Amino acid sequence: MDKSYNRNKRINIFICFAMIFVCLGFCSANKSLFLAAICEALNIKRTVFSLSTSCRYITSSVINFFFGYFVLKFGTKKLISTGFVFLIVSCLINSVSADVFLFILSEILAGVGFSLTGTAMVGCVVTRWSPENKGSIMGAVLCANGIGGAVAAQIISPMIYESGNIFGYRNAYRFIAVILAVTFIGVIVFFKEKSASYNQNSSSSGNFESKQLQGPDFNRICRTPCFYTALVCIFFTGFCLQGVVGIYAAHMRDVGLSAPFIATMSSVTFLVLTASKFLAGVMYDKYGLRKTISVCCFAAIICMLSLAFSSVSATGKIFAAVYAVFSAIAFPLETVMLPLYSADLFGEKSFDKVTGIFVSANTAGYAVGTPFTNLGYDTTGSYVSVLLITAAIMVCVLITMQFVISAAHKIKS
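About the cut-offs
- Residues numbered from 1 in each chain as written.
- Predicted model: local features only at pLDDT ≥ 70, side-chain atom pairs only at ≥ 80, totals over all residues.
- Heavy atoms only, no water.
- Patch = residues over 30% accessible without salt bridge, like charges linked within 9 Å, V, L, I, M, F, W, Y side chains within 5 Å.
- Areas by Shrake-Rupley, 256 points an atom, 1.4 Å probe, with all protein chains shown as cover.
- Salt bridge = Lys/Arg side-chain N within 4 Å of Asp/Glu carboxyl O.
- Helix = DSSP H or I, 4+ residues; strand = E, 2+ residues; numbered from the N terminus.
- Contact = heavy atoms within 4.5 Å.
- Buried < 20%, exposed > 50% of the residue type's maximum accessible area, 1.4 Å probe, protein only.

Engineer: Help me understand a nonpolar patch on the surface, please; the structure alone is not making it clear to me.
Structural biologist: On the surface, a cluster of nonpolar side chains totalling about 500 Å² of accessible area is made up of Ile58, Val62, Phe65, Phe66 and Tyr69. The leading source of residues in the nonpolar patch is helix α3 (residues 46–65), at 3 residues. Of note, valine 62 is situated in helix α3.

Engineer: I would appreciate a short explanation of the side chain of serine 106 in the present structure.
Structural biologist: Residue placement: serine 106 occurs in helix α6 (residues 100–117). Not counting residues within four places of it along the chain, the set of residues in contact with serine 106 comprises Ser90, Ile93 and Asn94.

Engineer: Would you explain unusual backbone geometry in this entry?
Structural biologist: Excluding glycine, a negative phi dihedral is what most residues carry, and trans is how most peptide bonds are arranged. A positive phi angle, near 55°, is found at asparagine 43, a position not held by glycine. As for its placement among the helices and strands, asparagine 43 is situated in the loop between α2 (31–42) and α3. Take asparagine 43: its relative accessible area is 71%, and that puts it in the exposed class.

Engineer: In this structure, what is going on with the pattern of salt bridges? I would like to understand it.
Structural biologist: A full pass over the atoms with the stated rule returns 2 salt bridges. Arginine 56 is the salt-bridge partner of glutamate 107, the closest N and O atoms lying 3.8 Å from each other. Taken together, the residues glutamate 107 in helix α6 and arginine 56 in helix α3 connect sequence positions 51 residues apart. Pair check on accessibility: glutamate 107 and arginine 56 agree, each one buried. Between arginine 128 and aspartate 352 there is a salt bridge whose closest N-O contact spans 2.8 Å. One end of the pair, arginine 128, is in helix α7 (residues 119–129); the other, aspartate 352, is in helix α20 (residues 351–380), with 224 residues separating them in the sequence. With respect to burial, arginine 128 and aspartate 352 carry one shared label: buried.

Engineer: Which parts of the structure should I look at to understand the environment of glycine 356?
Structural biologist: Relative to the helices and strands, glycine 356 is located in helix α20. Between the alpha carbons of glycine 356 and cysteine 124 there is a distance of 9.5 Å; along the sequence they are 232 residues apart. Filtering out sequence-adjacent residues up to four positions away, glycine 356 remains in contact with Asn64, Phe65 and Phe67.

Rendered as structure tokens:
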């Protein structure tokens, strides 16, 4: 049974890697590549089109809030399969849509799909099958986002900007739908739900079952102030990081940096991101939550300040390069760290429910962050003041989370 269990564990983890590589790498990481092409081809204003992205984040936030209930009722394989179906349909709608309302519908479907194939699901699968070193494994799996994004950019860009074809983006969406369908077949054929026989006979599973007994039940967690304080911190983390990600290229253009330089900085971010997600998981396993979150939050503060001071001067370009590196080091706060928050702060007993709510809070921050940063630009004519505000917020998050960790560990024990 141990050999069968270990084999299925490796297969499931590989499938999770492929899922993140395709779903986030191809469908989400390069979303900005489609923006200009779609708006120009269909003569849609970018501000109007951006409503569809907000609808996706809102949908994801709602679905993730009930993630624990869905896992308990339907299991992981059915949810992953449903997520793939929604993403495939979303891409197909985008490939034929000529109306902003259809794009909104597509993004709503994508929001469901990403919720069932993203960070929360990876945390759920990895914690079930490999709880003993979940940080390193989750980091390795989630770094597939950066790898997939880098690969997808090279494949999709020529399709989108095909010479003489303003609707080249439609072929790109159809191509992504095919890639999703192939990966979906792999899920159906190879992914294994964890059965009762594994729970009874596998020593690894036995470790997990004993870990499940650790920590308070969900009803008690909901009565603790530190749970809601953690939610606020996670919301503002998504608010700040996603708000900055949404405007960094525009800000660099505003201060006079060239398009090739901005593209190079984007590539640097992708490359560092691939390593940083894995290293964040390794660091958690070796040094614990407090040190890992401190490093990531400190990197977030540095990246926001450095972007605020970037300019066309030599020093300003150094600041821009610092942003590219440190933003990637900060990004695990909204991916790898969310499942690790759940397990470390409140134990394994209510892991699925807490993880879903944490991811929901983070995604809600996404939905608000970008409009806030652009409102700051419309008000002041620059992103600098907003970047300084987000840096200050992240300082508060860093300090507050130290108290949350201390209080939650007392409750868990």
